[in-house]
Amino acid sequence: MSAPDPGPSQLVRPYALTRGRTAPTRDYPLEALVRTHLPVLDDSGLSPEERSIVDLCRQSRSVAEVAALVRIPLGVARILIGDLVDRGVVSVHVQTESDSAPDATLLERVLSGLRKL
């Protein structure tokens, strides 16, 4: 019985993908949603990894999901996503505290409805 094939080896080191940078220009949380509406053109100047990110992000994807699906380390994904945001290729939606707080009006309507039961 032979060992399973580990797949293609990583020929490019992660620091080469980020041109030696170790910190993103913007710090996105793992759950931040990345999305694009732009088509990927062959002459767009994007690296293969950046093209993969743009292709994946035609549907909203979290930063963690992008890293896993492109098979790159999370830190590298954050740097590449930050680069794509700086170039206007993708946008990132970060949920704020006010986004997650319940709406007081909705809570009052729910409470009123419960009292009527």
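Because the structure is a prediction, the values reported are computed rather than measured.

(A) Just the packing of helix α2 (residues 48–56) against helix α4 (residues 74–86), in detail. One can describe the packing of α2 onto α4 by two numbers: an axis separation of 10 Å at closest approach and a directional angle of 75°. When the interaxial angle is binned, α2 and α4 end up roughly perpendicular. Of the residues in α4, those in contact with E49, E50, I53 and V54 of α2 are L80, I81, D83 and L84. Partitioning the contact of α2 with α4 into residue classes produces five nonpolar, no polar and three charged.

(B) Structural view of the side chain of T36. Topologically, T36 is positioned in the loop between β1 (33–35) and α2. For T36, a relative accessible area of 3% gives the class buried. When neighbours within four sequence positions are excluded, T36 is seen to be in contact with V54, C57, R58, V89 and V90.

(C) Broad picture of the sheet that holds β1. As summarised here, the arrangement of the three strands in space is β2-β1-β3, forming an open sheet in which the pairing is antiparallel. The open sheet has two edge strands, β2 (61–62) and β3 (91–93), and neither has a second partner. Direction of pairing for β1 relative to β3: antiparallel, over a ladder of three bridges. Bridge pairing in β3 links V34 to V92.

(D) Looking closely at the pattern of salt bridges. Under the definition given, this model contains six salt bridges. Between R58 and D55 there is a salt bridge, with its nearest N and O atoms 3.6 Å apart. One salt bridge in this structure joins R61 and E65, with 3.3 Å as the shortest N-O distance. With a relative accessible area of 18%, R61 lands in the buried category.

(E) Structural detail: the packing of α2 against helix α3 (residues 63–70). The N-to-C vectors of α2 and α3 enclose an angle of 125°; their axes lie 10 Å apart at closest approach. Classed by the angle they form, the pair α2 and α3 counts as oblique. The interaxial crossing formed by α2 with α3 has right-handed handedness. Taking contact as the criterion, the partners of E49, S52, I53 and L56 in α2 are, on α3, V66, L69 and V70. Tallied by class, the residues present in the contact of α2 with α3 amount to five nonpolar, one polar and one charged.

Calculation criteria
Think of each chain on its own: its residues are numbered from 1, step by step along the sequence as written. For this predicted model, a pLDDT threshold of at least 70 governs which residues receive local features, and a threshold of 80 or more governs which side-chain atom pairs are given and counted, while totals over whole chains, interfaces and linings are taken from all residues. As a rule here, side-chain values come from all non-hydrogen atoms in the structure, and water together with hydrogens is ignored. Axes here refer to lines fitted to C-alpha atoms; in helices the fit is confined to the stretch in contact. Angles between the N-to-C directions go from 0 to 180 degrees. Only DSSP runs of H or I reaching four residues or more are called helices, and only runs of E reaching two or more are called strands; each is numbered from the N terminus. Should an angle fall under 35 degrees it is called roughly parallel, over 145 degrees roughly antiparallel, and 65 to 115 degrees roughly perpendicular, with every other angle called oblique. It only takes one pair of heavy atoms within 4.5 Å for two residues to be counted as in contact. In the scheme used here, Gly and all other residues not listed as nonpolar or charged are polar, with Ala, Val, Leu, Ile, Met, Phe, Trp, Tyr, Cys and Pro taken as nonpolar and Asp, Glu, Lys and Arg as charged. Relative accessibility under 20% of the residue-type maximum defines a buried residue, over 50% an exposed one, and the middle range a partly exposed one, all with a 1.4 Å probe and only protein chains included. Pairing between two strands is assigned when DSSP locates at least 2 bridges connecting them. A pair is scored as a salt bridge if a Lys or Arg side-chain nitrogen falls within 4 Å of a carboxyl oxygen belonging to Asp or Glu. For a crossing to be left-handed, the near helix must be turned anticlockwise from the far one by less than a right angle; the clockwise case is right-handed.

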